[in-house]
Structures are given as structure tokens and as C-alpha cells.
Amino acid sequence: MLRFGTVIPISSYSSITCSCINNHPHHPTSLSTSVSEASLKATMNRLAGVARLMIVSDLDHTMVDHHDLDNLALLRFNALWESNYRNNSLLVFSTGRSPTLYKELRKEKPLLVPDITIMSVGTEITYGNSMIPDDGWIEILNQKWNRNVVSEETKKISELTLQSETEQRPHKVSFYIQKDKAEDIMKVLSTRLEERGLDVKIIYSGGMDLDILPQGAGKGQALAYLLKKFKAEGNLPHSTLVCGDSGNDAELFSIPDVHGVMVSNAQEELLQWHVANAKDNPKIIHATERCAAGIIQAIGYFNLGPSKSPRDVTDLSDSKMEKFDPAYEVVKFYLFYERWRRAEVENSELYFANLKAVCVCLISF
Ligand SMILES: [Mg+2]
């Protein structure tokens with residue numbers, strides 16, 4: 001089992017990383033292997049420390065706005081995270097997507113590499129860019145679970161349409177179902193599977209998706225497992241912010257002591273859950289901003305740390321040498337370069353003078 005508290009020597013990283021990468025159809029070059037090793041080492045070091053903030057965010061319609069073709073809010077979040085949080089905080093993506101669909105989304109959208117990826121509605125937990133699975137979580141999910149029995153019983157219900165093969169996972173069986181049929185079918189299924197000796201959780205989400213998981217699974221349980229593991233190793237993050245928009249995110253908001261943001265575009269099913277279960281919890285807000293902009297809004301609202309993205313800074317020539325931070329300067333340089341290429345920089349001489357001073361600091365850092 002991968003533990004957070006122990007700093008793994010680099011030789012161990014090599015064996016973990018190489019075994020994962022060598023299974024890949026495209027054999028890595030030594031450069032890509034060393035980059036992966038460095039990335040995994042950085043992730044493991046962050047996991048072994050006490051995070052200032054852990055953000056646990058859903059992807060579709062929460063971190064990712066599919067209506068924002070320029071990805072402006074996501075890019076604002078990315079710049080904020082890389083400049084202010086990457087070195088001392090943890091980014092966790094928690095998605096209903098399977099690994100296949102998650103990797104497709106990564107190709108479509110400029111997503112950061114998270115420290116932890118929770119996929120398939122909380123049934124798969126992996127670490128770092130190499131996506132090393134958490135074997136301890138797999139052991140827990142195997143309890144009172146039998147995929148074959150779930151298949152047998154669901155085949156008898158004609159209202160259920162099996163989702164694609166990539167969405168069928170070891171601990172998740174997924175269907176589509178019409179909205180008006182969902183409630184009744186969930187009751188029937190629950191009874192039948194219980195009679196067959198299983199202990200399952202049935203989640204209806206997005207007005208069409210029906211997922212059957214082991215009772216111990218789900219986005220909330222996966223987060224609870226991680227927090228328990230952090231606590232046992234003395235690394236509980238100072239603050240945790242959960243972010244979501246739909247029914248399968250509701251569990252995230254049930255975890256004690258976490259802050260939560262339902263983005264402005266949250267679906268009715270999540271808002272109704274909130275009214276029924278958590279409307280008096282001051283740690284949960286319904287943002288007025290969509291998707292990643294709502295996450296930034298929540299960071300500011302709860303005072304969890306800096307909430308001004310470098311992308312919202314119009315004058316990039318400011319230089320605060322007394323608070324010199326290489327990560328912030330690198331992000332700022334990238335943004336300057338982007339604006340410079342679009343001929344949007346008016347006072348480039350001043351910026352270059354500041355850049356020169358910054359480079360001296362970077363070299364001596
Ligand atoms: Mg979503």
C-alpha cells in the first residue's frame with residue numbers, strides 16, 4: 001500500500017514509476033522516465049507534508065466548463081494554483097469518468113496534473129502523473145461486492161441501458177435510464193441486490209446516469225478514506241475545499257469539517273440535496289460564479305488563501321522582491337509572454353527591467 005507519511009527513496013520511485021510506464025504501449029525515453037520520476041517524487045513529497053489546502057473537485061461542469069470554449073475560468077484557476085498553491089497544497093480531481101474518459105478530457109482541456117485522481121465515482125484512487133493505484137482502497141471495495149451478480153440482476157430490467165464498455169469498471173457498473181423511471185428502478189434494484197447478499201450503493205446523477213457501486217465506494221467515501229489515511233499519518237490538510245455540481249458530488253459535501261462550494265451552475269438534484277440535508281451548514285456555499293470561477297470565489301469567501309489569479313493582474317510589471325517567489329514569477333512570465341505575443345503589452349521596457357532583476361534572484365535562488 002502506498003503510504004503518504006514515508007518519504008520514499010528515489011530508487012523506490014524508479015521501480016514504481018518504471019513498472020507503470022513500461023506497461024505503456026509507447027516505451028518512454030530516459031528523459032520522459034526521469035521527468036515522471038521527478039514528478040512522482042514531488043507529488044509524494046507533497047503527500048508526505050501537511051497541505052495548506054486540499055481542493056477536491058469534480059471535473060465536468062465544475063472544474064471544466066464545457067460552455068467556455070476559451071477555458072478562461074480554468075486557466076485563471078490554473079495560474080492561481082501554480083503560482084500560490086502547487087508547492088504546499090494538494091489538488092485532487094474526483095470524477096465520475098473512467099480512466100479512459102478522464103484521459104480523453106485531459107486531451108481536450110488544459111487541466112493541471114493533480115496529486116490524486118479519484119475516478120469512476122470514487123471507485124479508483126491513483127497518485128501522481130503515473131497514476132499509481134491505491135491497493136488498500138481496492139481491498140476495501142471488494143467487501144460484499146460481486147460484479148457478476150450485479151450484471152445478472154440488471155439484465156432483467158429492460159429500462160436500464162448499459163453504458164459503453166470503457167465505463168464498466170471492476171467496482172462500477174453503469175447504465176443510462178430515463179429520468180421519470182429512475183426512482184422506481186433504484187428501489188427495485190436495491191431490494192433485489194440485497195436479497196442476493198450484496199451491499200451496494202446506487203447513485204443517480206446528471207439526470208441520466210445510474211451507477212451501481214460497492215456500498216463502501218463513492219466520491220464521499222473515497223475522500224473519507226484519504227482523510228483517514230492522512231490523519232493516521234499525521235498529515236491532515238489544514239483545510240479542505242470540495243467542489244461539485246451534480247448528484248454524485250453530494251457525498252463530498254457530507255464529509256465533516258470540509259468547506260464546500262456548489263458552483264453557480266449546479267444541477268437541481270444537488271441543490272435539492274443541499275436544501276434537504278445541509279442548508280444550515282455555513283461551510284457550504286452556492287457560488288454566484290460558474291465552474292472554476294466559482295472555486296476561486298469560494299477560496300476567497302472562506303479565506304483559504306490567495307484568491308487573486310495572476311491572470312486577473314493587469315500590470316504584470318509589478319515586482320515584489322521582498323516576497324520573491326519563483327513559482328509566481330514563472331507564471332507571471334508565461335502570462336507576459338502570452339500577452340506580448342498578442343501585442344497587448346504597452347510598457348514592455350519596464351517589464352524587461354523587472355524581469356532582469358527577477359532573473360538575478362532566480363539564479364541565486
Ligand atoms: Mg460534474
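No experiment lies behind these values; they were computed from the predicted model shown.

Conventions and cut-offs
Residues numbered from 1 in each chain as written. Predicted model: local features only at pLDDT ≥ 70, side-chain atom pairs only at ≥ 80, totals over all residues. Pairing = 2+ DSSP bridges. Helix = DSSP H or I, 4+ residues; strand = E, 2+ residues; numbered from the N terminus. Axes fitted to C-alpha atoms, helices over the stretch in contact; angles between N-to-C directions. Parallel < 35°, antiparallel > 145°, perpendicular 65-115°, else oblique. Left-handed = near helix turned anticlockwise from the far one by under 90°. Contact = placed C-beta atoms within 7 Å. Nonpolar A, V, L, I, M, F, W, Y, C, P; charged D, E, K, R; others polar. Buried ≥ 20, exposed ≤ 12 C-beta atoms within 10 Å, placed from the backbone. Right-handed = clockwise from strand over helix to strand, strands pointing away.

Participant: Is there a simple way to think about the sheet that holds strand β8 (residues 200-205) in this case?
Facilitator: The pairing of strands in a sheet comes from backbone hydrogen bonds and takes either a parallel or an antiparallel form. With antiparallel pairing, 4 strands are arranged side by side in an open sheet as β6-β7-β9-β8. Strands with a single pairing partner mark the edges of an open sheet, and in this sheet they are β6 (161-162) and β8. Pairing geometry for strand β7 (residues 173-176) and strand β9 (residues 209-214), over 4 bridges, is antiparallel. Of the residues in β9, the one forming a bridge with S174 is D211.

Participant: Help me understand the packing of helix α3 (residues 72-84) against helix α11 (residues 291-301), please; the structure alone is not making it clear to me.
Facilitator: To describe two helices that pack against each other, one gives the angle between their axes and the distance between the axes. Remark: α3 packs on α11, axes separated minimally by 7 Å, with the N-to-C direction vectors making an angle of 40°. When the axis of α3 is compared with that of α11, the two are oblique. When you trace α3 past α11, the crossing you get is left-handed. Between α3, through A73, L74, R76, F77 and L80, and α11, the contact on the second element is made entirely by C291, A292, A293, I295 and I296. Taken together, the residues that form the contact of α3 with α11 break down as 9 nonpolar, no polar and 1 charged.

Participant: Sorry if this is basic, but what is going on with the environment of G128 here?
Facilitator: Here G128 lies in the loop between β4 (124-127) and β5 (132-133). Classification of G128 by C-beta neighbours within 10 Å gives buried; the count is 25. In this structure the C-alpha to C-alpha distance between G128 and A42, which are 86 residues apart in sequence, comes to 8.8 Å. Setting aside anything within four residues of it in sequence, one finds G128 in contact with S39, L40, T43 and D115.

Participant: How should I be thinking about the pairing of strand β10 (residues 239-244) in this particular structure?
Facilitator: Where burial is concerned, most of β10 is hidden: 5 out of the 6 residues are buried. Across 5 bridges, strand β1 (residues 53-57) lies against β10 in parallel orientation. Bridge pairing in β10 places L53 opposite S239. Relative to strand β11 (residues 259-262), β10 runs parallel, the two being bridged by 4 bridges. What sits directly across from V242, in β11, is G260.

Participant: Sorry if this is basic, but what is going on with the environment of P99 here?
Facilitator: Within the fold, P99 resides in helix α4 (residues 99-108). Each C-alpha atom, one on P99 and one on T117, is 9.4 Å from the other, the two residues being 18 residues apart in sequence. In this view, P99 contacts M119 and E124; residues no more than four positions away in its chain are not counted.

Participant: Can you help me understand the pairing of β11 in this one?
Facilitator: For a regular strand, side chains alternate in direction, first toward one face of the sheet and then toward the other. Neither face of β11 is open: one carries H259 and V261, the other G260 and M262, and all of them are buried. Pairing of β11 with strand β12 (residues 284-286), which is carried by 3 bridges, proceeds in the parallel orientation. Bridge pairing links G260 to I284 in β12. Read from β11 through helix α10 (residues 268-277) to β12, the crossover connection turns out right-handed.

Geometry only, nothing functional implied.
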